[in-house]
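This is what each chain is made of:
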Amino acid sequence: MVKSTPTNNSVNTAEFTDNLERREAIGKVFEYLFLIGLLIGLFVLALLVLNILHDGLGRLLTPGFLTETPSRFAERGGIRPAIIGSFFLGLIVLLVAVPIGVGAALYLEEYAPKKWWTALIEINIGNLAGIPSIVYGLLGLGVFNYLLGFGPTLISGALTLALLSLPVIIVTAREAIRAVPDSLRNASYGLGTTKWQTIQHHVLPYAIPGILTGVIISVSRAMGDAASLVVVGAVSFLTFNPGLFQRFMALPIQIFSYITRPEPGFASAAAATIIVLIILILALNAIAIYLRQRYSSH
């Protein structure tokens, strides 16, 4: 009786099946590890948020906390100048950094020739996105405070934060513009449109969701930054609403001022100010999500 021997095809099929099962098992292990990491991060975040709400919600609901000026007593005063200062800082950052950042991204992606100097600019922009914010504060101190003579005013702080936001906006806007299919551009050119008409009516509308994401990320980072504002000259106590060319406060500086004071009442005031800053940043992100969904549906 002749015994049948397995063919090479059956052996290869069995090895392939074993390798596939092993890879799937390894993939499941990493999936669970990543899920555990996500849950740990969410758990820690939830603890921090609950702790802040526990310490600051009562102070936040105190009459006058949002509408009064600061006080040297923990139970009195509010954060109105800091809210107004943060609002104007964010507004000026949007008005200055977004047009310049998107314009630079459009030039680098659509117009700039592929030369060595454009590659050098791209490398430097990527490096600038990772520079600590205090370095931008020193730059703003030298350029806006002293060279241009603005002094320690709100406009100096806003322009410094605009510099801080520019690299992130440029990098994310370039990625969004680069994601636009070339077939869309070629179809537009085939209809006889100019390069700017193609960018205006096809490239930018397609890239707006990605650009908005980078804008909100950079503005949120700028509004939560304290190091550069301290260097430029933000103050921790102000009894009037700040103007563009006046001394100013911001919510991060107000938080830093409260947590450095030994009286126990200032800890709850700092927690309440953190809640206000979180709400402001969440509101910006909600607006960005709405605009992104609106433009994505068109």
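Residues numbered from 1 in each chain as written. Predicted model: local features only at pLDDT ≥ 70, side-chain atom pairs only at ≥ 80, totals over all residues. Heavy atoms only, no water.

Considering the UniProt feature "transmembrane region" (unreviewed entry) in the protein chain
Keep this limit in mind: UniProt positions are given in the numbering used here, feature names are shortened, and annotations may be inferred rather than shown by experiment. The helix count covers DSSP runs of H or I at least four residues long, the strand count covers runs of E at least two residues long, and both are numbered beginning at the N terminus.
In this numbering, the UniProt entry assigns the feature "transmembrane region" (unreviewed entry) to residues 32-53, 82-108, 154-173, 226-245 and 266-291. Taken end to end, residues 32-53 is 100% helix and 0% strand, and its two terminal C-alpha atoms sit 31 Å from one another.

Regarding the packing of helix 3 (residues 116-128) against helix 5 (residues 154-178)
This is how the line gets drawn: Only the contacting stretch of a helix is used when fitting its axis, a line to C-alpha atoms as for every element, and angles between N-to-C directions run 0 to 180 degrees. These descriptions rest on fixed angle ranges, namely under 35 degrees for roughly parallel, over 145 for roughly antiparallel, 65 to 115 for roughly perpendicular, and the rest for oblique. By the definition used in this description, the sense in which the near helix is turned from the far one sets the handedness, with an anticlockwise turn below a right angle giving left-handed and a clockwise turn giving right-handed. By the convention used here, residues are in contact when the closest approach between their heavy atoms is within 4.5 Å. Three residue categories are used. Nonpolar comprises Ala, Val, Leu, Ile, Met, Phe, Trp, Tyr, Cys and Pro, charged comprises Asp, Glu, Lys and Arg, and polar comprises the others, including Gly.
For the pair helix 3 and helix 5, interaxial distance at closest approach is 8 Å and the crossing angle is 120°. As summarised for this structure, helix 3 and helix 5 are arranged oblique, according to the angle between their axes. As for how helix 3 packs across helix 5, the hand of that crossing is left-handed. For the pair formed by helix 3 and helix 5, the contact residues are Glu122, Ile125 and Leu128 on the first element and Pro167, Ile170, Val171 and Arg174 on the second. The residue inventory of the contact of helix 3 with helix 5, partitioned by class, reads five nonpolar, no polar and two charged.

With respect to the UniProt feature "domain: ABC transmembrane type-1" (unreviewed entry) in the protein chain
UniProt's feature table lists "domain: ABC transmembrane type-1" (unreviewed entry) at residues 83-288, given in the numbering used throughout. For residues 83-288, the end-to-end C-alpha separation is 20 Å, with 77% helix and 0% strand making up the annotated structure.

Here we look at helix 2 (residues 80-111)
Selection criterion: Expected helix span is computed as 1.5 Å times (number of residues minus one). The bend at a residue is defined as the angle formed between two axes, one fitted to the seven residues ending at that residue and one fitted to the seven starting there.
Under the 1.5 Å per step criterion, the end-to-end length of helix 2 is 45 Å for 32 residues, consistent within 8% with the ideal 46 Å. Along helix 2, the largest kink reaches about 30° and is centred on alanine 97; proline proline 99 follows within four residues of it.

Considering the environment of leucine 244
Of note, leucine 244 is situated in the loop between helix 8 (227-232) and helix 9 (251-259). Spatially, the C-alpha atom of leucine 244 lies 9.2 Å from that of glycine 85, the residues being 159 residues apart in sequence. Leaving out residues up to four positions away in the same chain, leucine 244 has contacts with Ile92, Thr153, Leu154 and Ile155.

Description of the packing of helix 2 against helix 7 (residues 195-223)
It is the contact of helix 2 with helix 7, at a shortest axis distance of 9 Å, that shows an interaxial angle of 140°. In terms of orientation, helix 2 and helix 7 fall into the oblique class. Where helix 2 crosses over helix 7, the handedness of that crossing is right-handed. Here helix 2 contributes Ser86, Gly90, Val93, Leu94, Val98, Val102, Leu106, Glu110 and Tyr111 to the contact with helix 7, which in turn contributes Lys195, Trp196, Ile199, Val203, Leu204, Ile211, Val215, Val219 and Met223. Here the contact of helix 2 with helix 7 is composed, by residue class, of 14 nonpolar, two polar and two charged.

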